[in-house]
Amino acid sequence: MMAAATEQPAVDLREPAGWRRTKNQIATVAMVLAFVVVLIPLGFVLYTVIARGASAISWSFLTGGPIPPNVLPAGTGGMGPAVIGTLEITGLAAVMAVPLGILGAIYVNEYGGRGPLAQVVRFMADVMTGVPSIVMGLFIFSIWVLHFGYSGLAGAFALGCLMLPVVIRSSEEMLKLVPDALREASYALGATKSRVTLTVVLPAALGGIVSGALLAVARAAGETAPLLFTILTVTSTNANVFSGANTALSTQIFANATQPYTGAQSRAWGAALTLIAIAFILMIAARFVTARFTRYSR
Amino acid sequence: MDQSEQETTQTQLSKPAVLQDAQPQDVASAPTGAQIFETKGLSIYYGSFRAVTNVSLTIYENEITAFIGPSGCGKTTVLRTLNRLNDLIPTARVEGDVHYRGASLYDKDVSATAVRRRIGMVFQKPNPFPKSIYDNVAYGPRINGIRQKGKLDEIVERSLRQAALWDEVKNRLNKSGLSLSGGQAQRLCIARTLAVEPDVVLMDEPASALDPIATGKIEDLMREIKSRYTIVIVTHNMQQATRVSDRTAFYSVLVDSQNDTRTGTLVEYGRTQQIFEDPQDPRTQAYVTGRVG
């Protein structure tokens, strides 16, 4: 009964040629193509902004001010007021929207369940995601700016309204991913519902929640339309985010890029690159935070 | 925090109060402890679906009681009723009596949280928290208000020793609980349950995902801790039931072909030896001899 004694017929384990193999190859090529097609505009945008904006960037551009009138050539003044304005307004919007959004998601996923209120909140969040950002700006204009005037706060309200549904929905998805087995394990030790939520569900989902929230913040930092009606877009630094007209990078890009003057256009490219850099830094921060909070999850 | 301590003392005080020692009429005359659980005519529904019906049994202190039976016969459902974990399923409903140390578990003013502090549970699939090994074990004591580092250290070491896991993890207590192998993770879950010093430990097929060696460790551990705890275990492994349990409850499925419903029910309950060697019900006999299931 030696193995050599019985001669086996050769087995062909290769995928047989035919429609099945062709389908597989077509699908693979289609996926690679789709990936490349997605990369082209992204690469093109990045390349153009860096190529046109890099020359405008300098320390005095990032921190100096005031923002010069459109007619002045490149190299005068700086976008400092707009950088400060963007950080202030987006930061304040995040402080308002992120905690509220996470609490909303906790209610919808942990407490509301299939109840009517949770369904309404979920539905409204979806509707709110679909509201055009300029409409959100108009909304804040009519209920706030008309009564209290332009301010960074009004801009933060508008951006916060845009962030809120995104934070609710992304946090809810993260909470859904927490396995029920973990909740049961905690309940079986005699934990109350709030304990289970605070000590098991939230920590398990926190990495995803934080990166979702930071994505929403980065997205909002680039919004222009809602700020047009709410902060007025001035040229000097306004450190008080709660009162007085303010300025931001996105609205400065809009104000400068639409001008025929080369100096203004150069400043617009520079501001665009600055904005992308801020978003990029936020993304990297999100990665670090996620890694820190998920260090026990594998 | 004060409240939980009070509750613990109350349990200890109430222990001797319910020593209505009803001796069952069986031949093996080992001394029988206090009645821990007593169910009478228990039926459990999910919405309008009756999952389990007519379960009446008594579970005794410091014994290991095994629930056996084919899949879908309601063993796990009954087990989860004993610490009110089925409350988490919104449509679940209980009919009949479930008494724990003489107190009705499903009375209006009974807190499910207080019940679960006394009646812990180990699940079929190991489910350590995504926290460090230390924090996994310290979780229960912490939610019961123990904050002092020294005391927590002591509890963690004691619980891990009881679960026969201490030597394997003592040098990496700050590593993730998810880094452990299946058998270690299950013993971590047992340690986590023991850390709150429950009165009863419910185990839902704790060894079904484990190899024979890890299973053996968990069975040894069950025999070791039964002097301090009362254990109820659901198992599909009949050898396991004969190896570890003092009493065995055999469940089966009643099939109503007219309405196409399947309802679990308790068929026979008695000393493990009697159930396996001298079953009274033909269904039990068919199951334990391997002719069915």
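How each quantity is defined
- Position numbers for residues count from 1 along each chain, tracking the sequence in the order it is written.
- Key to labels: chains lettered from A, ligands numbered from 1, both in the order written.
- It should be noted that, the model being predicted, local features are given only for residues of pLDDT at least 70 and side-chain atom pairs only at 80 or more, the latter also being counted only at that level, while totals for whole chains, interfaces and linings use all residues.
- Segments assigned H or I by DSSP are reported as helices when at least four residues long, segments assigned E as strands when at least two residues long, and all are numbered from the N terminus.
- To sort residues by exposure, count the other C-beta atoms lying within 10 Å of each residue's C-beta; 20 or more gives buried, 12 or fewer gives exposed, and values between give partly exposed, all with C-beta atoms placed from the backbone.
- Contacts are defined on C-beta atoms placed from the backbone: any two residues whose C-beta positions lie within 7 Å are in contact.
- For the radius of gyration, the atom set is restricted to C-alpha positions; the globular benchmark scales as 2.2 Å times the number of residues to the power 0.38.
- The split of the chain into domains comes from an automatic or database domain assignment.
- We call Asp, Glu, Lys and Arg charged. Ala, Val, Leu, Ile, Met, Phe, Trp, Tyr, Cys and Pro are nonpolar, and the rest, Gly among them, are polar.
- Values of pLDDT, ranging from 0 to 100, describe the predictor's confidence in every residue of the model.
- Note on pairing: two strands pair once DSSP finds at least 2 bridges between them.
- Throughout, an axis means a line fitted to C-alpha atoms (over the contacting stretch in the case of helices), and angles, computed between N-to-C directions, take values from 0 to 180 degrees.
- Helix crossings get a hand from a simple test, with the near helix turned counterclockwise from the far one by less than a right angle marking a left-handed crossing and a clockwise turn marking a right-handed one.
- What a helix should span is 1.5 Å times the count of its residues minus one.
- Joining buried Ala, Val, Leu, Ile, Met, Phe, Trp, Tyr and Cys residues through C-beta atoms within 7 Å gives a set, and that set is a nonpolar core.
- Any angle that is under 35 degrees is reported as roughly parallel, and any over 145 degrees as roughly antiparallel; angles of 65 to 115 degrees are reported as roughly perpendicular and all others as oblique.

**Remarks on the overall build of chain B**
Stage number 1. The helix and strand tally for chain B stands at 11 helices and 10 strands.
Stage number 2. Every one of the 293 residues in chain B was classed for burial, and the buried ones make up 44%.
Stage number 3. If you take every contact in chain B between residues at least 6 apart in sequence, the share linking residues at least 24 apart comes to 70%.

**Things to note about the overall build of chain A**
Stage number 1. When helices and strands are tallied, chain A shows 11 helices and zero strands.
Stage number 2. Here the C-alpha atoms of chain A give a radius of gyration of 26 Å, more than 25% beyond the 19 Å that 2.2 N^0.38 yields for 298 residues.
Stage number 3. When its C-alpha atoms are laid out on the principal axes, chain A stretches across 95 × 55 × 35 Å.
Stage number 4. Looking at chain A residue by residue over its 298 residues, the buried ones come to 39%.

**A few points about unusual backbone geometry**
Residue and element names in this part refer to chain B.
Stage number 1. With a phi angle near 55°, Asn 62 is a residue other than glycine that sits in the positive phi range.
Stage number 2. Tracing the backbone shows Asn 62 in the loop between β2 (49–60) and β3 (64–68).
Stage number 3. The backbone of Arg 84 shows a phi angle near 60°, a positive value even though the residue is not glycine.
Stage number 4. Relative to the helices and strands, Arg 84 resides in the loop between α2 (75–82) and β4 (92–100).
Stage number 5. On the basis of neighbour counts, which here come to 24 C-beta atoms within 10 Å, the residue Arg 84 falls in the buried class.

**Thoughts on the interface of chain B and chain A**
Stage number 1. The interface of chain B with chain A comprises 22 residues on the first partner and 16 residues on the second.
Stage number 2. Elements supplying a minimum of two residues to the side of chain B that touches chain A: α3 (112–118), β6 (119–122) and α4 (133–143) of chain B.

**A short note on the domain arrangement of chain A**
Residue and element names in this part refer to chain A.
Stage number 1. On domain assignment, one finds that chain A holds domain 1 (19–56) and domain 2 (80–293).
Stage number 2. In this structure, domain 1 and domain 2 have C-alpha centres spaced 29 Å apart.
Stage number 3. With six residues of domain 1 at the interface, the matching set in domain 2 holds seven residues.
Stage number 4. Looking at the side of domain 1 that touches domain 2 residue by residue, the class counts come to four nonpolar, one polar and one charged.

**So, α2 of chain B**
Structural remark: α-helix, 3.6 residues per turn; residues separated by three or four positions point the same way.
All names here are of chain B.
Stage number 1. In terms of burial, α2 is largely enclosed, as eight of its eight residues are buried.
Stage number 2. Of all the positions in α2, only Lys 75, Thr 76, Thr 77, Val 78, Leu 79, Arg 80, Thr 81 and Leu 82 are classed as buried.
Stage number 3. At the exit of α2 stands Arg 84, carrying a positive phi of roughly 60°.

**Points about the environment of Val 95 of chain A**
Stage number 1. Looking at where Val 95 of chain A falls in the secondary structure, it is placed in helix α3 (residues 80–112).
Stage number 2. Separated by 65 residues in sequence, Val 95 of chain A and Gly 160 of chain A have C-alpha atoms that sit 8.6 Å apart.

**Notes on the confidence of the model for chain B**
Residues and elements named next belong to chain B.
Stage number 1. When pLDDT is averaged along chain B, the result is 85; 88% of the residues meet or exceed 70.
Stage number 2. Confidence over residues 1–29 falls short of pLDDT 50; this stretch has 23 contacts with residues more than four positions distant or in other chains.
Stage number 3. Across the whole predicted complex the pTM is 0.83, and at the interface the ipTM reaches 0.84.

**A word on the sheet that holds β3 of chain B**
Residues and elements named next belong to chain B.
Stage number 1. An order of β5-β4-β1-β2-β10-β9-β3-β8-β7-β6 is seen for the 10 strands of this open sheet, with the pairing classed as mixed. Taken across any chain shown, the strands that pair with only one partner, and hence form the sheet edges, are β5 (103–104) and β6.
Stage number 2. Of the strand pairs in this sheet, strand β9 (residues 247–256) and strand β10 (residues 261–271) are connected by 10 bridges, and their pairing is antiparallel. Note that in β10 the partner of Phe 250 across the bridge is Glu 268.
Stage number 3. Contacting β1 (35–46), β2, β3, β4, β6, β7 (200–204), β8 (230–234), β9 and β10, α2 runs over the sheet at an angle of about 150° to β8.

**Side note on the pairing of β4 of chain B**
Working note: regular strand, side chains alternate between the two faces of the sheet.
Residues and elements named next belong to chain B.
Stage number 1. Relative to β4, β1 runs antiparallel, the two being bridged by eight bridges. Residue pairing in the sheet places Ser 43 in a bridge with Glu 95 of β4.
Stage number 2. In this sheet, β5 lies alongside β4 in antiparallel orientation, the contact comprising two bridges. Residue pairing across strands places His 99 opposite Ser 104, the latter belonging to β5.
Stage number 3. Two successive antiparallel strands, β4 and β5, enclose a turn made up of two residues, where Arg 101 displays a positive phi of approximately 45°.

**Regarding the pairing of β6 of chain B**
All names here are of chain B.
Stage number 1. Judged by which residues are buried, β6 turns out to be covered on both faces: Ile 119 and Met 121 on one side and Gly 120 and Val 122 on the other are all buried.
Stage number 2. As defined by bridge partners, β6 adjoins β7 across four bridges and the pair is classed as parallel. In the strand pairing of β7, Met 121 is matched with Leu 202.

**Looking at the packing of α3 of chain A against helix α6 (residues 152–177) of chain A**
Residue and element names in this part refer to chain A.
Stage number 1. Packing of α3 against α6 brings their axes to within 6 Å, and their N-to-C directions diverge by 35°. Of the two possible hands of crossing, α3 and α6 adopt the one that is right-handed.
Stage number 2. Classifying every residue of the contact of α3 with α6 gives 20 nonpolar, nine polar and four charged.

**What about the environment of Ala 205 of chain A?**
All names here are of chain A.
Stage number 1. Summarising the element assignment, Ala 205 is placed in helix α8 (residues 193–221).
Stage number 2. C-beta crowding within 10 Å serves as the criterion here: with 26 such atoms nearby, Ala 205 is assigned to the buried category.
Stage number 3. On a C-alpha basis, the gap between Ala 205 and Phe 293 in space is 8.8 Å, while along the polypeptide they are 88 residues apart.
Stage number 4. Once residues within four sequence positions are removed from consideration, Ala 205 is found in contact with Met 174, Leu 175, Leu 177 and Val 178.

**Comments concerning helix α7 (residues 182–194) of chain B**
All names here are of chain B.
Stage number 1. Taking 1.5 Å per residue as the helical rise, α7 with its 13 residues ought to reach 18 Å, and the 18 Å between its terminal C-alpha atoms agrees with that figure.
Stage number 2. Of all 13 residues that make up α7, 12 are buried, and the element is covered over most of its length.
Stage number 3. Restricting attention to buried positions, one finds in α7 the residues Gly 183, Gln 184, Ala 185, Gln 186, Arg 187, Leu 188, Cys 189, Ile 190, Ala 191, Arg 192, Thr 193 and Leu 194.
Stage number 4. On the buried face of α7, the contacting elements are β6, α4, α5 (149–162), α6 (166–169), β7 and α8 (212–225).

**A word on the confidence of the model for chain A**
Stage number 1. Summarising the model, chain A shows a mean pLDDT of 90, and 97% of its residues fall at 70 or more.
Stage number 2. Helix α11 (residues 262–293) of chain A is the least confidently modelled element of chain A, averaging 89 in pLDDT, while α6 of chain A averages 95, the highest of any element.

**Topic: the nonpolar core**
In globular proteins that are soluble, nonpolar side chains generally tend to be buried together.
Stage number 1. Ranked by internal contacts, the top residues of the largest apolar core, which has 143 residues, are Met 163 and Val 167 of chain A together with Val 232 of chain B.
Stage number 2. At 15 residues, α6 of chain A tops the list of elements feeding residues into this core.

**Overview of the packing of α8 of chain A against α11 of chain A**
All names here are of chain A.
Stage number 1. One can describe the packing of α8 onto α11 by two numbers: an axis separation of 8 Å at closest approach and a directional angle of 175°. Viewed along their axes, α8 and α11 adopt a mutual orientation that is roughly antiparallel. Where α8 abuts α11, its residues Leu 206, Gly 207, Val 210, Ser 211, Leu 214, Leu 215, Val 217, Ala 218 and Ala 221 lie against Leu 275, Ile 278, Ala 279, Leu 282, Met 283, Ala 285, Ala 286, Val 289, Thr 290 and Phe 293.

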